[in-house]
Amino acid sequence: QSSVTVFGVLDAGVSYYTAKSSFYNNTSQPVSLPQTPPAGVSRSQTVMSNSGTSNSRLGFRGVEDLGGGWAAGFWLEAALANDTGGATLFSRRSTVSLSGPIGEIRVGRDFTPTFWNDSVFSPFSTIGVGANVISTVSTNLAVARGPGSATAASDNYLRTNNSIGYFLPPNLGGIYGQLQYALHENVSQSGQAGSPSHRGQFAGGRLGYAAGAFDIALAYGESVAADTTGLGATGQPNGVNLDEKLKTLNLGASYNLGFMKLFGELSRVKDQRTSTAPGATGLLLTRDDDTYNGALLGVTVPVGAGLIKAAYSRVKFDNDLGSAAGPSRDASVDKIAIGYEHNLSKRTALYVTAARIRARNAQNNPAVMGAAVGTATYLSTGTGTTGYAPARSTGYDVGIRHAF
Amino acid sequence: QSSVTVFGVLDAGVSYYTAKSSFYNNTSQPVSLPQTPPAGVSRSQTVMSNSGTSNSRLGFRGVEDLGGGWAAGFWLEAALANDTGGATLFSRRSTVSLSGPIGEIRVGRDFTPTFWNDSVFSPFSTIGVGANVISTVSTNLAVARGPGSATAASDNYLRTNNSIGYFLPPNLGGIYGQLQYALHENVSQSGQAGSPSHRGQFAGGRLGYAAGAFDIALAYGESVAADTTGLGATGQPNGVNLDEKLKTLNLGASYNLGFMKLFGELSRVKDQRTSTAPGATGLLLTRDDDTYNGALLGVTVPVGAGLIKAAYSRVKFDNDLGSAAGPSRDASVDKIAIGYEHNLSKRTALYVTAARIRARNAQNNPAVMGAAVGTATYLSTGTGTTGYAPARSTGYDVGIRHAF
Amino acid sequence: QSSVTVFGVLDAGVSYYTAKSSFYNNTSQPVSLPQTPPAGVSRSQTVMSNSGTSNSRLGFRGVEDLGGGWAAGFWLEAALANDTGGATLFSRRSTVSLSGPIGEIRVGRDFTPTFWNDSVFSPFSTIGVGANVISTVSTNLAVARGPGSATAASDNYLRTNNSIGYFLPPNLGGIYGQLQYALHENVSQSGQAGSPSHRGQFAGGRLGYAAGAFDIALAYGESVAADTTGLGATGQPNGVNLDEKLKTLNLGASYNLGFMKLFGELSRVKDQRTSTAPGATGLLLTRDDDTYNGALLGVTVPVGAGLIKAAYSRVKFDNDLGSAAGPSRDASVDKIAIGYEHNLSKRTALYVTAARIRARNAQNNPAVMGAAVGTATYLSTGTGTTGYAPARSTGYDVGIRHAF
């Protein structure tokens, strides 16, 4: 006797992306502009995209009533690359749950609490060319600096493996919330300094309040990106250590006025590194405390069977390093996006989205500030002194979304 | 509320393959035959095969009625290697559709229009030891020369990624047809000669007429196999360019006489290469225009709950190169196949198939003419002058097919 | 018209493993103990585990009634790593069947007959920290010495690809049984000595009797682990040959007394190698005939909605080599496990299990005797003379199992 629901989304469209880079010179010496390619270089690409307004997916889920208000359930959700026939089972979510009057315990692979504010309080969620740029930067940061996992390089930002979650029950007068802890699974060995490494561990939570037209939530999470203790030839600590944590704090809210719905988010992500190395007079300590401040304002307006969407989002990178990082350290990206979805039914919609990113001094942090629209990539030859820097990126999605 | 149909086929059998090679000498000098191994070398293999008469698959599909004759639908179909427990999601088809009175728009990964004639107008389709040899050669050609894709090396022959298809509506008095365009997705960079490359692009269509016992269809498709523009150190074109297209034209028909059904197909595949290189007096141009002419004749005869099948198919390779290709350029393969399927029900059948391939001068084009039955591979040491050449290959399938 | 059942299990828990190694010295000379790390080294790990009491899986299966007592059916079962969102389609089972009054023919990827006794006659089956240690050792042996397959290194112990199975019909008065043959699929080439290799071939069977509270079964299987014939430069045999077979014989039984159920198993696995090499007076023959003798005693006791489980299992390794293998050749592992499962419903249970392995002289056969609990690994630097040897391993599982 099976009680499985097969569900999913296929979202496919045609997208056009451009990414323009411009030559910059942060030195005091004039630099003769290169002739080929010219001072400004533009790249563009037309692709079939999946997941323009909803992530393509295939899932299996079920709930069993255990009586007395208790239930067991499972959720297996694969990501689909339906443009090329690809599927990743079950990278989106893979959990088993026990829920009751006191809440839900959920274990397995799941979304992080901090991700939800980036997703829920954004008119375009974190999807398509209109995606919340806070999410784009945080994904890039997780890939560049985070611990990742065998499942995905962006893990511990978007999702975590090996997680234990607790969710408040739904009957708390509008208060909702969750806690999540993800095991690092590293091996501890007796007599070995710094063992076990905590790399990969995640801990976070989210608390929200939804009542009528209003919804607000605060989330915080810490991901251990590095935790290494150098050992010498005899197994003793040699003082070469590195600790790095990615700490995310964000606050999101939405307010539904009926004729329109407003969205807002504030986000602060800190990349804190502490490294030590042996020096002449003891351990030399280096601290690097980078900050990514993000903000989003958005609106959706229902128009008959359609929905107009617009959003502005930005991230400012505050580099903790000194002048070695170059004369202009205040890198930033901002993004505007506008779109329209036309519902053919509750399950099927056509959509069109346009978005533009503007990057400033992004050469100072290419891994993070190289945020572009879609899969467009900037020509980036810069080291912070002279070269090509990300400038503008635009993108368009036209497609269909079908849920089942 | 889910509306998903889970469907599929498991087809498994035991197959025996042999591939015999024989020594050849295209030089004017006598060559002393090697003693070990002898002048004729035979390879054989007994395997558990999947997909003897129907490709093993697992799929999920659904249709949503949108009213007014319109519908949305999705189709996800994975290939199964059920002999070893393998599955490739969703390499067979991965599409979302919008259909209505004026036809269907279908986007994603799908079969090419030109593939259908090879498949539909062949008693053994393109499956098992009896497979249409036109399909075997075209698959080999796509793997050897085609653009392929991350999904499959044979892509743009059998299927394409990133495709947009249009299908005529079904109520045109027997006329049916489709158009398909597949995006190349390559990046264009400003100021870069020959950018973007069109490698991977596919465009084609098919037009048919089915009325009563008669069915006929014509298809044409072009796949861009190579499109490279050589650039010098300064980014300027250096004249070393290559353009290669695979152009397929085929015509298939079937006629059902009741007591038997006749099948026929004609196919012409051109592999056209144009390359340039700088010479003393300007660009040197080289053209190579290889042709693969194929034909098939087949018949099926219903006998009670069973079906007898027989087919003859052949491909002749016409090498455009001069004498450098060796004295005997008219390579060819022909194949005869006979089989019997016994239906235990509408969904389940037992089957047995036998087939034999004969290859002539196939050493001149091992990648393409090395067509053998099943996974048997010829011993092929030839360079066109002296060595071992493919000679004969035989194969047998005995198995069960079960659809669900 | 689809007739597919979607089924599965999600089993997830938190597990803690330790593996302690101790320094040993099999030489007559005293060895100064290393200072760092100390004489005894312990490793530990806390992980999210899947499959603590039941293997996590997702499957699709169906049966079609063909009339007259005959039926066709299919079974596709994937393994799930739900802690990290992983899935392996369809590594657990991938078969199509035809069954009738005279039994069932089943083809594809399936469990071996010999595996079933290790699984069925063990209170903890072969799963979680309480797993039958006979299975742990046999899995390690298959990985280290067996032929494996592209699907799994442990193949031909647990499962086989390319198998043809026959199962007795269910109406034989309690007698049940099966035969299985798995094809090696290797290529045979004419004139090539020792061709084809039979590496990968499996043949085995199982015969049992179940009546009322009593169940007993005997199984035997042979796996060809190596079958190589050395060839010289001219393709003639050079006398350097290796034949290796893994032969498994086991007998299991259970008796259900109502208030408790008893389990027992005896197992003998032989790793028989015969190698030849050219010597001064002809071929030098080397035989190596290692034996792994296993035994298990277990009990389960129902307590209300719960089930207490306990098991003792052991394997003794009898090394056929002479003194070259070191002074203490009689390596062994024994394991005790105790657990409790609490059923919340027929489909959902909570469980806790604890187990301890003790290893003796396991340095003589690290690949096989390095059996530890869960994913804990011993520090093993030994070569049989001096170094670190596996000593003790303990493990705990706490989790939830949910079937659908």
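Going along each chain's sequence as written, the residues are numbered from 1 onward. As they are written, the chains are lettered A onward and the ligands numbered 1 onward, keeping that order. Local features in this predicted model are restricted to residues whose pLDDT is 70 or higher, and side-chain atom pairs enter the listing and the counts only when it is 80 or higher, whereas totals over whole chains, interfaces and linings include all residues. Working from all heavy atoms in the structure, the side-chain values ignore hydrogens and water.

A few words now on the overall build of chain A. Helix and strand assignments follow DSSP, with helices taken as H or I runs no shorter than four residues and strands as E runs no shorter than two, numbered in order from the N terminus. A tally of regular secondary structure across chain A gives three helices and 18 strands. Only the C-alpha atoms count toward the radius of gyration. The rule for a globule is 2.2 Å times the residue count to the power 0.38. Its C-alpha atoms give chain A a radius of gyration of 23 Å, near enough to 22 Å, the size a compact globule of 404 residues would have. Each principal axis of the C-alpha distribution contributes one length, and for chain A these read about 70 × 60 × 40 Å. Taking as baseline every contact in chain A between residues at least 6 positions apart, the subset at least 24 positions apart corresponds to 62%. Throughout, a residue-residue contact means that at least one pair of heavy atoms, one from each residue, lies within 4.5 Å.

Before going further, it helps to examine the interface of chain B and chain A. Taken residue by residue, the interface counts 36 residues in chain B and 34 residues in chain A. For the pairing of chain B and chain A, the buried interface totals around 2,900 Å² over both sides, and the portion due to carbon and sulfur atoms is 64%. Whenever two N or O atoms come within 3.5 Å, that pair is a polar contact, provided that in protein one can donate a hydrogen and the other can accept it, and provided that, for residues adjacent in sequence, both atoms are side-chain atoms. At the junction of chain B with chain A, the criterion picks out 13 residue pairs in polar contact (both at pLDDT 80 or more). Elements represented by at least two residues in the side of chain B that touches chain A include exactly β3 (57-67), β4 (70-81), β5 (86-100), β6 (103-111), β7 (159-167) and β9 (188-189) of chain B. Counting residues per element, the side of chain B that touches chain A draws most heavily on β5 of chain B, which supplies eight residues. When DSSP finds two or more bridges between a pair of strands, those strands are recorded as paired. Of the strand pairs in this sheet, strand β2 (residues 40-50) of chain A and β9 of chain B are connected by two bridges, and their pairing is antiparallel. Note that in β9 of chain B the partner of R43 of chain A across the bridge is Q189 of chain B. Buried area, as used here, totals the accessible surface that two parts lose on assembly, with accessibility defined by a 1.4 Å probe and the loss added over both.

Now for unusual backbone geometry. For the bond running from L89 of chain B to F90 of chain B, omega is -15°, close enough to zero to count as cis. For the bond from S195 of chain C to P196 of chain C, the omega torsion is 0°, close enough to zero to count as cis. One non-glycine residue, E185 of chain A, lies in positive phi territory at about 65°. The topology assignment puts E185 of chain A in the loop between β8 (175-182) and β9 (188-189). Even without being a glycine, S51 of chain C presents a positive backbone phi close to 65°. Structurally, S51 of chain C is set in the loop between β2 (40-50) and β3 (57-67). Each residue is assigned to one of three classes by its accessible area relative to the maximum for its type, calculated with a 1.4 Å probe on protein chains only: buried under 20%, partly exposed between the two thresholds, exposed over 50%. Using a relative accessible area of 9% as the deciding quantity, one classes S51 of chain C as buried.

Once chain B is rotated about the relating axis by 120° and shifted along it by 0.0 Å, it coincides with chain A to within an RMSD of 0.1 Å. Both copies are brought into coincidence by an operation consistent with a three-fold rotation axis. Here only 6% of the interface residues in chain B have copies in chain A that are interface residues too; the copies meet through unlike faces. The least-squares superposition of copies is restricted to C-alpha atoms, and to residues with a pLDDT of at least 70 in both copies.

Among the eight residues that make up helix α1 (residues 113-120) of chain A, six are buried, leaving the element largely enclosed by the rest of the structure. Regarding α1 of chain A, the residues found buried are P113, T114, F115, N117, D118 and S119 of chain A.

Chain A puts 36 residues into the contact, and the matching count from chain C is 34 residues. Summing the contributions of chain A and of chain C, the shared interface buries around 2,900 Å²; its carbon and sulfur component is 64%. Salt bridges are counted wherever a side-chain nitrogen of Lys or Arg sits within 4 Å of a carboxyl oxygen of Asp or Glu. For the interface between chain A and chain C, the tally reads zero salt bridges. Linking chain A with chain C are 13 residue pairs in polar contact (both at pLDDT 80 or more), by the criterion used here. Top contributing element to the side of chain A that touches chain C by residue count: strand β5 (residues 86-100) of chain A, with eight residues. For this classification, Asp, Glu, Lys and Arg are treated as charged, while Ala, Val, Leu, Ile, Met, Phe, Trp, Tyr, Cys and Pro are nonpolar and the rest, including Gly, are polar. A breakdown of the residues in the side of chain A that touches chain C according to their chemical character gives 14 nonpolar, 19 polar and three charged.

Moving on, we come to the pairing of strand β13 (residues 261-279) of chain A. Residue and element names in this part refer to chain A. Across 16 bridges, strand β12 (residues 237-256) lies against β13 in antiparallel orientation. Along β13, the bridge assignment pairs T248 with V269. Counting the residues in the hairpin turn of β12 and β13 gives four residues, including G258, whose phi is positive at 90°. Two elements, β13 and strand β14 (residues 282-303), share 19 bridges in a ladder whose sense is antiparallel. Its bridge partner being in β14, S275 is matched across the sheet by T286. Count of turn residues in the β13/β14 antiparallel hairpin: two residues.

Keep in mind that these numbers describe shape and distance, not what the molecule does.
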